[in-house]
Amino acid sequence: YSDVITLKRALPASMCAGMIQFILNFANFPGEENRVPVGDTLGERLKDLLDLCDLLTARDPDILLEYAQDYEEHGQYRRAEQLFTEHTLRHPNDVEGLVRLAAVQNKRDNVVEAAQTYRQAIKLAPRTAELRASLGAALMQQLKLAEAKRQLQRALKLDPALAVAAEAFARVGAIEA
(Lines give C-alpha, C1' and ligand atoms only; values in the text may rest on other atoms or scores of the structure.)
Protein backbone atom coordinates (compact mmCIF):
# COMPACT_ATOMS: atom_id res chain seq x y z
CA TYR A 1 0.00 0.00 0.00
CA SER A 2 1.04 3.58 -0.62
CA ASP A 3 -0.12 7.07 0.15
CA VAL A 4 -2.09 9.17 -2.38
CA ILE A 5 0.78 11.56 -3.17
CA THR A 6 3.11 8.72 -4.13
CA LEU A 7 0.41 7.13 -6.29
CA LYS A 8 -0.28 10.43 -8.07
CA ARG A 9 3.41 10.83 -8.84
CA ALA A 10 3.83 7.25 -10.04
CA LEU A 11 0.63 6.88 -12.07
CA PRO A 12 1.65 8.87 -15.20
CA ALA A 13 5.02 7.10 -15.42
CA SER A 14 3.32 3.72 -14.97
CA MET A 15 0.80 4.56 -17.69
CA CYS A 16 3.61 5.66 -19.96
CA ALA A 17 5.54 2.45 -19.39
CA GLY A 18 2.39 0.39 -20.01
CA MET A 19 1.67 2.21 -23.26
CA ILE A 20 5.23 1.70 -24.49
CA GLN A 21 4.99 -2.00 -23.63
CA PHE A 22 1.69 -2.25 -25.51
CA ILE A 23 3.20 -0.57 -28.58
CA LEU A 24 6.27 -2.81 -28.52
CA ASN A 25 4.19 -5.97 -28.19
CA PHE A 26 1.65 -4.87 -30.77
CA ALA A 27 4.40 -4.26 -33.31
CA ASN A 28 5.06 -8.01 -33.49
CA PHE A 29 2.19 -8.57 -35.91
CA PRO A 30 1.89 -11.90 -37.72
CA GLY A 31 1.26 -11.08 -41.37
CA GLU A 32 1.26 -8.57 -44.18
CA GLU A 33 -2.55 -8.47 -44.35
CA ASN A 34 -2.60 -6.97 -40.84
CA ARG A 35 -0.16 -4.15 -41.57
CA VAL A 36 -2.75 -1.38 -42.15
CA PRO A 37 -4.93 -2.02 -39.06
CA VAL A 38 -1.80 -2.51 -36.96
CA GLY A 39 -0.37 0.74 -38.29
CA ASP A 40 -3.60 2.56 -37.46
CA THR A 41 -3.64 1.16 -33.93
CA LEU A 42 0.01 2.02 -33.39
CA GLY A 43 -0.61 5.55 -34.64
CA GLU A 44 -3.48 6.00 -32.18
CA ARG A 45 -1.44 4.61 -29.28
CA LEU A 46 1.49 6.89 -30.14
CA LYS A 47 -0.89 9.88 -30.12
CA ASP A 48 -2.13 8.72 -26.72
CA LEU A 49 1.45 8.46 -25.52
CA LEU A 50 2.16 11.98 -26.74
CA ASP A 51 -0.94 13.21 -24.90
CA LEU A 52 0.37 11.54 -21.77
CA CYS A 53 3.75 13.23 -22.25
CA ASP A 54 1.90 16.55 -22.53
CA LEU A 55 0.15 15.77 -19.26
CA LEU A 56 3.49 15.13 -17.62
CA THR A 57 4.81 18.36 -19.12
CA ALA A 58 1.94 20.28 -17.54
CA ARG A 59 3.63 19.90 -14.16
CA ASP A 60 6.28 22.49 -15.08
CA PRO A 61 4.72 25.83 -16.12
CA ASP A 62 7.79 27.06 -18.01
CA ILE A 63 8.04 23.93 -20.14
CA LEU A 64 4.27 23.93 -20.62
CA LEU A 65 4.32 27.26 -22.46
CA GLU A 66 7.42 26.33 -24.40
CA TYR A 67 5.79 23.11 -25.65
CA ALA A 68 2.52 24.91 -26.45
CA GLN A 69 4.39 27.47 -28.55
CA ASP A 70 6.36 24.74 -30.28
CA TYR A 71 3.17 22.86 -31.15
CA GLU A 72 1.65 26.07 -32.48
CA GLU A 73 4.70 26.84 -34.63
CA HIS A 74 4.54 23.34 -36.12
CA GLY A 75 0.82 23.44 -36.87
CA GLN A 76 -0.18 21.04 -34.08
CA TYR A 77 -3.03 23.29 -33.01
CA ARG A 78 -5.04 20.73 -31.05
CA ARG A 79 -2.10 19.98 -28.79
CA ALA A 80 -1.18 23.68 -28.56
CA GLU A 81 -4.74 24.50 -27.55
CA GLN A 82 -4.69 21.84 -24.83
CA LEU A 83 -1.48 23.19 -23.32
CA PHE A 84 -2.49 26.86 -23.63
CA THR A 85 -5.80 25.95 -21.96
CA GLU A 86 -3.93 24.26 -19.13
CA HIS A 87 -1.73 27.35 -18.79
CA THR A 88 -4.69 29.74 -18.65
CA LEU A 89 -6.42 27.58 -16.06
CA ARG A 90 -3.34 27.93 -13.86
CA HIS A 91 -2.80 31.59 -14.71
CA PRO A 92 -6.24 33.09 -15.44
CA ASN A 93 -4.86 36.66 -15.33
CA ASP A 94 -2.21 36.08 -18.01
CA VAL A 95 -3.50 38.22 -20.87
CA GLU A 96 -0.78 37.04 -23.27
CA GLY A 97 -1.63 33.40 -22.50
CA LEU A 98 -5.30 34.09 -23.22
CA VAL A 99 -4.39 35.82 -26.49
CA ARG A 100 -2.27 32.85 -27.57
CA LEU A 101 -5.08 30.44 -26.66
CA ALA A 102 -7.62 32.49 -28.63
CA ALA A 103 -5.30 32.63 -31.66
CA VAL A 104 -4.94 28.84 -31.65
CA GLN A 105 -8.68 28.41 -31.20
CA ASN A 106 -9.15 30.66 -34.22
CA LYS A 107 -6.70 28.58 -36.25
CA ARG A 108 -8.75 25.50 -35.38
CA ASP A 109 -11.92 27.32 -36.56
CA ASN A 110 -13.26 27.40 -33.01
CA VAL A 111 -14.34 31.01 -33.44
CA VAL A 112 -17.01 30.88 -30.73
CA GLU A 113 -14.43 29.74 -28.16
CA ALA A 114 -11.90 32.24 -29.50
CA ALA A 115 -14.39 35.08 -29.02
CA GLN A 116 -15.04 33.94 -25.45
CA THR A 117 -11.32 33.81 -24.75
CA TYR A 118 -10.80 37.29 -26.22
CA ARG A 119 -13.62 38.53 -23.94
CA GLN A 120 -11.77 37.09 -20.94
CA ALA A 121 -8.61 38.92 -22.01
CA ILE A 122 -10.56 42.16 -22.52
CA LYS A 123 -11.88 41.95 -18.96
CA LEU A 124 -8.26 41.97 -17.81
CA ALA A 125 -7.03 44.61 -20.28
CA PRO A 126 -10.07 46.61 -21.44
CA ARG A 127 -8.05 49.39 -23.02
CA THR A 128 -6.13 47.18 -25.44
CA ALA A 129 -7.19 47.98 -28.99
CA GLU A 130 -5.65 44.83 -30.48
CA LEU A 131 -7.81 42.62 -28.26
CA ARG A 132 -10.98 44.41 -29.30
CA ALA A 133 -9.95 44.17 -32.97
CA SER A 134 -9.32 40.44 -32.60
CA LEU A 135 -12.68 39.97 -30.90
CA GLY A 136 -14.31 41.97 -33.69
CA ALA A 137 -12.71 39.69 -36.29
CA ALA A 138 -13.91 36.58 -34.44
CA LEU A 139 -17.42 38.02 -34.26
CA MET A 140 -17.32 38.79 -37.99
CA GLN A 141 -16.55 35.14 -38.66
CA GLN A 142 -19.69 34.28 -36.71
CA LEU A 143 -21.63 36.90 -38.74
CA LYS A 144 -22.42 38.85 -35.58
CA LEU A 145 -21.88 42.04 -37.50
CA ALA A 146 -23.45 44.57 -35.11
CA GLU A 147 -21.38 43.33 -32.18
CA ALA A 148 -18.27 43.08 -34.38
CA LYS A 149 -18.78 46.66 -35.50
CA ARG A 150 -19.06 47.87 -31.88
CA GLN A 151 -15.82 46.11 -30.90
CA LEU A 152 -14.00 47.44 -33.95
CA GLN A 153 -15.24 50.98 -33.23
CA ARG A 154 -13.94 50.66 -29.67
CA ALA A 155 -10.60 49.42 -31.00
CA LEU A 156 -10.36 52.40 -33.35
CA LYS A 157 -11.33 54.78 -30.56
CA LEU A 158 -8.46 53.37 -28.45
CA ASP A 159 -6.00 53.38 -31.36
CA PRO A 160 -7.11 55.23 -34.50
CA ALA A 161 -3.98 54.07 -36.35
CA LEU A 162 -4.68 50.34 -35.86
CA ALA A 163 -4.84 49.24 -39.49
CA VAL A 164 -6.23 45.76 -38.83
CA ALA A 165 -9.23 47.27 -37.01
CA ALA A 166 -9.81 49.86 -39.74
CA GLU A 167 -9.72 47.18 -42.46
CA ALA A 168 -12.09 44.90 -40.54
CA PHE A 169 -14.43 47.83 -39.86
CA ALA A 170 -14.48 48.61 -43.59
CA ARG A 171 -15.28 44.94 -44.37
CA VAL A 172 -18.21 45.02 -41.92
CA GLY A 173 -19.48 48.14 -43.64
CA ALA A 174 -19.16 46.49 -47.04
CA ILE A 175 -21.02 43.39 -45.84
CA GLU A 176 -23.82 45.49 -44.36
CA ALA A 177 -24.19 47.57 -47.56
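This report concerns the structure included in the present document.

Reading the values: the criteria
Residues numbered from 1 in each chain as written. Predicted model: local features only at pLDDT ≥ 70, side-chain atom pairs only at ≥ 80, totals over all residues. Heavy atoms only, no water. Salt bridge = Lys/Arg side-chain N within 4 Å of Asp/Glu carboxyl O. Helix = DSSP H or I, 4+ residues; strand = E, 2+ residues; numbered from the N terminus. Buried < 20%, exposed > 50% of the residue type's maximum accessible area, 1.4 Å probe, protein only. Expected span 1.5 Å × (residues − 1). Arc of directions from axis to C-beta. Axes fitted to C-alpha atoms, helices over the stretch in contact; angles between N-to-C directions. Parallel < 35°, antiparallel > 145°, perpendicular 65-115°, else oblique. Left-handed = near helix turned anticlockwise from the far one by under 90°. Contact = heavy atoms within 4.5 Å. Nonpolar A, V, L, I, M, F, W, Y, C, P; charged D, E, K, R; others polar.

### Details of the pattern of salt bridges
This structure, assessed with the given rule, holds six salt bridges. With its nearest N and O atoms 2.6 Å apart, the salt bridge here joins Glu72 to Arg100. In this pair, Glu72 sits in helix 3 (residues 61–73) while Arg100 sits in helix 5 (residues 95–107), placing the two residues 28 residues apart along the sequence. The residue Arg119 makes a salt bridge to Glu147 at a minimum N-O spacing of 2.4 Å. With Arg119 in helix 6 (residues 111–124) and Glu147 in helix 8 (residues 145–158), this pair connects stretches of sequence that are 28 residues apart. In this structure Arg119 comes out as partly exposed when scored by relative accessible area, which is 30%. One salt-bridge network, in which partners are shared between bridges, spans Glu72, Arg100 and Lys107.

### A word on helix 3
The end-to-end C-alpha distance of helix 3 is 19 Å, a good match for the 18 Å that 13 residues give at a rise of 1.5 Å each. Those residues of helix 3 that fall on the buried side of the exposure criterion are Leu64, Ala68, Tyr71 and Glu72. For helix 3, the buried positions fall inside an angular range of 100° around the axis, keeping them on one side. Away from its buried face, by an angle of more than 90 degrees, helix 3 presents the exposed residues Asp62, Glu66 and Glu73. Looking at the residues trailing helix 3, positive phi occurs at Gly75, about 75°.

### Considering the packing of helix 8 against helix 9 (residues 163–176)
Where helix 8 meets helix 9, the closest approach of the two axes is 9 Å, and the angle between their N-to-C directions is 150°. Relative to helix 9, the element helix 8 lies roughly antiparallel. The chirality of how helix 8 crosses helix 9 is left-handed. Along the contact surface, helix 8 presents Leu145, Ala148, Lys149, Leu152, Gln153, Ala155 and Leu156, while helix 9 presents Ala165, Ala166, Ala168, Phe169, Val172, Ile175 and Glu176. Counted by class, the contact of helix 8 with helix 9 contains eleven nonpolar, one polar and two charged residues.

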